[in-house]
Amino acid sequence: MRLGPDGRVRGARYLASPNCDARPAGARVTLLLLHSISLPPGSYGGDAVEHLFTNRLDPRAHPYFRDISHMRVSAHFFVRRDGALQQFVPVHRRAWHAGASRWRGRERCNDCSVGVELEGLEGRAFTAAQYICLARLGRALAAALPLSACAAHSDVAPGRKRDPGARFRWQRLLRALAERYI
C-alpha cells in the first residue's frame, strides 16, 4: 500500500463520501483513530456501511436504519472482515467520524486524525485479515503523514463511545505495525 498525492491509498477501493470538509489551516494529521461498525449491529458483509457513509442508507431496509439514516458521518477507511480495504475520504480532508472528542488535551479529533472503521462490534473479536490490513494501512499512512499516536474511539470520547472494544488486540496491532514482511 502507498498513499498517493491525491490523499488516496493505492489498493483501497474508493467510494467518495460527501460527509467531509477541509481540515483547519495548519492542521497536522497525527492520530490514527480506530472505530468499529457493523450494520445492522452484528451483521457483516453487506453494503449498509457504504450506504451510511454515502448518505444512501434506506431507512426501510431494517428497523435499526430508521434511527441512523439521517446521520451524516464518514470515515477515511473501512476494513472489512476479510481484510478488504475501502476508502471514503482522502486523508488530506476531514472525515466526520469522531464527533465530540478530546485526545491529549486537544478537542475536535476529526481535525487531526485519520478515521479507520473496522467491520465488527464491541465485545467480539476482529479477524487476522483485519489486523494485517490495518498494519499495512498504518505503515503506509505513517510513511506519508506525521502520525504519532493510535487511539480507540472510546479513548477520545469516553463514556459516549465504546468501540472498537475490549476484544481489540492492541499488542497484536503494534507487533504487526513493526513487522516489515506484512
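This structure is a prediction, so every number in the text was calculated from the model and none was measured.

*Asks:* Sorry if this is basic, but what is going on with the overall build of the protein here?
*Replies:* Scanning the protein from terminus to terminus reveals five helices and twelve strands. Taken over C-alpha atoms, the radius of gyration comes to 15 Å for the protein, in line with the 16 Å a tight globule of 182 residues would show. Overall, the protein is about 45 × 35 × 35 Å in size when its C-alpha atoms are taken along their principal axes. Relative to its 182 residues, the protein shows a buried fraction of 50%. Summarising the internal contacts of the protein: among those between residues at least 6 apart in sequence, 71% fall at separations of at least 24. Carbon and sulfur atoms form 51% of the exposed surface of the protein, whose accessible area is close to 8,800 Å². Between the centroid of the 29 positive side chains of the protein and the centroid of its 15 negative side chains there is a distance of 4 Å.

*Asks:* Got a minute to help me understand the packing of helix α3 (residues 128-144) against helix α5 (residues 170-178) in this structure?
*Replies:* Each pair of packed helices can be described by the angle between their axes along with the distance between the axes. Interaxial distance between α3 and α5 falls to 9 Å at its minimum, and their mutual angle equals 50°. Here α3 is positioned oblique relative to α5, judged by the angle of their axes. The two elements α3 and α5 cross, and the hand of that crossing is right-handed. Contacts from Ala-128, Tyr-131, Leu-134, Ala-135, Gly-138 and Arg-139 in α3 reach Arg-172, Leu-173, Ala-176 and Leu-177 in α5. Taken together, the residues of the contact of α3 with α5 sort by class into seven nonpolar, one polar and two charged.

*Asks:* Would you explain the nonpolar core in this entry?
*Replies:* Counting residues in each nonpolar core, the largest one holds 22 residues, and the members touching the most others are Val-9, Phe-77, Leu-85, Val-114, Val-116, Leu-141 and Phe-168. Elements with a minimum of two residues in this core: β5 (31-37), β6 (77-79), β11 (113-119) and α3. Considering every element that reaches this core, the biggest residue donor is α3, with five residues. Val-114 has contacts with Arg-23, Val-29, Leu-31, Leu-32, Leu-33, His-76, Phe-77, Val-91, His-97, Leu-141 and Leu-145, leaving out every residue within four places of it along the chain.

*Asks:* How should the packing of aromatic side chains be read in this particular structure?
*Replies:* A ring pair, where both rings are aromatic, is described by two values, the distance of the centres and the angle of the planes. Here the structure, examined in full by the defined rule, presents four aromatic pairs. Each ring, one from Tyr-131 and one from Phe-168, has its centre 5.3 Å from the other, and the planes form 35°; the classification is tilted. Of the two residues, Tyr-131 sits in helix α3 while Phe-168 sits in the loop between α4 (153-156) and α5, which places them 37 residues apart along the sequence. Residue classification places Phe-168 among the buried positions, given a relative accessible area of 5%. Plain terms: the ring middles of Phe-168 and Trp-170 are 4.7 Å apart, the flat faces sit at 70° to each other, and that makes the pair edge-to-face. In this structure Trp-170 comes out as partly exposed when scored by relative accessible area, which is 27%. Through pairs of rings, three or more aromatic residues link up here, namely Phe-126, Tyr-131, Phe-168 and Trp-170. For Arg-8, the ring lying beneath its charged end belongs to Tyr-14, and the centroid distance is 3.9 Å. A cation sits over an aromatic face here: Arg-81 above Tyr-44, 4.4 Å from the ring centre.

Scoring rules and cut-offs
Residues numbered from 1 in each chain as written. Predicted model: local features only at pLDDT ≥ 70, side-chain atom pairs only at ≥ 80, totals over all residues. Heavy atoms only, no water. Helix = DSSP H or I, 4+ residues; strand = E, 2+ residues; numbered from the N terminus. Rg over C-alpha atoms; globule rule 2.2 N^0.38 Å. Buried < 20%, exposed > 50% of the residue type's maximum accessible area, 1.4 Å probe, protein only. Contact = heavy atoms within 4.5 Å. Areas by Shrake-Rupley, 256 points an atom, 1.4 Å probe, with all protein chains shown as cover. Lys, Arg positive; Asp, Glu negative; His and termini not counted. Charge placed at Lys NZ, Arg CZ, Asp CG, Glu CD. Axes fitted to C-alpha atoms, helices over the stretch in contact; angles between N-to-C directions. Parallel < 35°, antiparallel > 145°, perpendicular 65-115°, else oblique. Left-handed = near helix turned anticlockwise from the far one by under 90°. Nonpolar A, V, L, I, M, F, W, Y, C, P; charged D, E, K, R; others polar. Core = buried A, V, L, I, M, F, W, Y, C linked by side-chain atoms within 4.5 Å. Phe/Tyr/Trp six-rings, centres within 6.5 Å; stacked < 30°, edge-to-face > 60°. Lys NZ or Arg CZ within 6 Å of the ring centre and 35° of its normal.

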